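Letter by letter, the chains look like this.
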Amino acid sequence: MKAIILAAGYATRLYPLTKKFPKPLLKVGGKTILDYLLEQIKAIADIDGVYVVTNRRFYGHFADWARANRAIQTEILDDGTTSNDNRLGAVGDIQFAIEARNIADDVLVLAADNILLFSLSKLVNIFKSNPVSHIAVRHNPDYDDRKRRGNVRLDKDNRVLQFIEKPDRPISEWSASPVYIYPASILSRFKEYIANGGNPDAPGHFLEWLHICETVYAYDIEGGVLDIGNRESLAEARAFFQSKDR
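This structure is a prediction, so every number in the text was calculated from the model and none was measured.

Participant: Tell me about the overall build of the protein, and please be specific about residues and values.
Facilitator: Looking only at helices and strands, one finds eight helices and 13 strands in the protein. A compact globule built from 246 residues should have a C-alpha radius of gyration of about 18 Å, and the protein, at 17 Å, falls within 12% of that. Projected onto the principal axes, the alpha-carbon positions of the protein cover approximately 45 × 45 × 40 Å. Counting every position in the protein, which comprises 246 residues, the buried fraction comes to 51%.

Here it is in structure tokens:
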């Protein structure tokens, strides 16, 4: 299994903090946001390759981070983009990584700006027992917040029946989190999706399309996700870890 970490965004909502510095390398609780993901990945024996996809503007920052972080072999990939105007988008970056390194294994895809408060190992074990596409979901009673995320309708066995990215009217109380496992057998679907004009930006757009042509299951996460999207959520994440240290 390979891990692809998406870190090519420009984090404009965090300006000026991230105008010249990548959001995933901001410190929270004494470590970078990205360090928390790598700690979880290290614990998964099945993963034998980690690729962090970033942009040309921030490549040097991530390369410096990777040289200092020798606990796990991590390769930094420059997708060649320089601004929001020419970015590939999350789905485009997944396909970029697959092609750049000829990936033909199962793939764990993670957003680099999230701190996961649940075990990735458990999700990988669930996938191994049922090796089809899996997404992470959580029960979300906040109606307005569900409008800002992928919204999922499930059957009694947690198979995805319907997926809508940022719906005007949510269809359930299940929200998707930016954690996905795709079996090697469906990796060609990324190229197919993009070639057919699919929106390459948010991973949820790909899921809207994929669940119609492939089986997708949901994993109900035991815990939460600290989604670092703006200055307020960054402050909340830092406060969360400060409270744990008391």
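Participant: Help me get a handle on the side chain of Asn55, residues and values and all.
Facilitator: Note that Asn55 resides in the loop between strand 4 (49-54) and helix 2 (59-68). Look at Asn55 and you get buried, because its relative accessible area is 0%. Separated by 3.1 Å, the side chain of Asn55 and the backbone nitrogen of Arg57 make a polar contact. Here Phe58 takes part through its backbone nitrogen, which lies 2.9 Å from a polar atom of the side chain of Asn55.

Participant: Outline the packing of helix 6 (residues 188-195) against helix 7 (residues 203-213), listing residues and values.
Facilitator: Where helix 6 meets helix 7, the closest approach of the two axes is 11 Å, and the angle between their N-to-C directions is 110°. It follows that helix 6 is roughly perpendicular to helix 7 by the angle criterion. As for the relative orientation of helix 6 and helix 7, their crossing is right-handed in sense. Within the contact between the two elements, helix 6 uses Arg189, Phe190, Glu192 and Tyr193 and helix 7 uses His205, Phe206, Trp209, Leu210 and Cys213.

What counts and what doesn't
- Residues numbered from 1 in each chain as written.
- Predicted model: local features only at pLDDT ≥ 70, side-chain atom pairs only at ≥ 80, totals over all residues.
- Heavy atoms only, no water.
- Helix = DSSP H or I, 4+ residues; strand = E, 2+ residues; numbered from the N terminus.
- Rg over C-alpha atoms; globule rule 2.2 N^0.38 Å.
- Buried < 20%, exposed > 50% of the residue type's maximum accessible area, 1.4 Å probe, protein only.
- Polar contact = N/O pair within 3.5 Å; in protein donor to acceptor, adjacent residues only side chain to side chain.
- Axes fitted to C-alpha atoms, helices over the stretch in contact; angles between N-to-C directions.
- Parallel < 35°, antiparallel > 145°, perpendicular 65-115°, else oblique.
- Left-handed = near helix turned anticlockwise from the far one by under 90°.
- Contact = heavy atoms within 4.5 Å.

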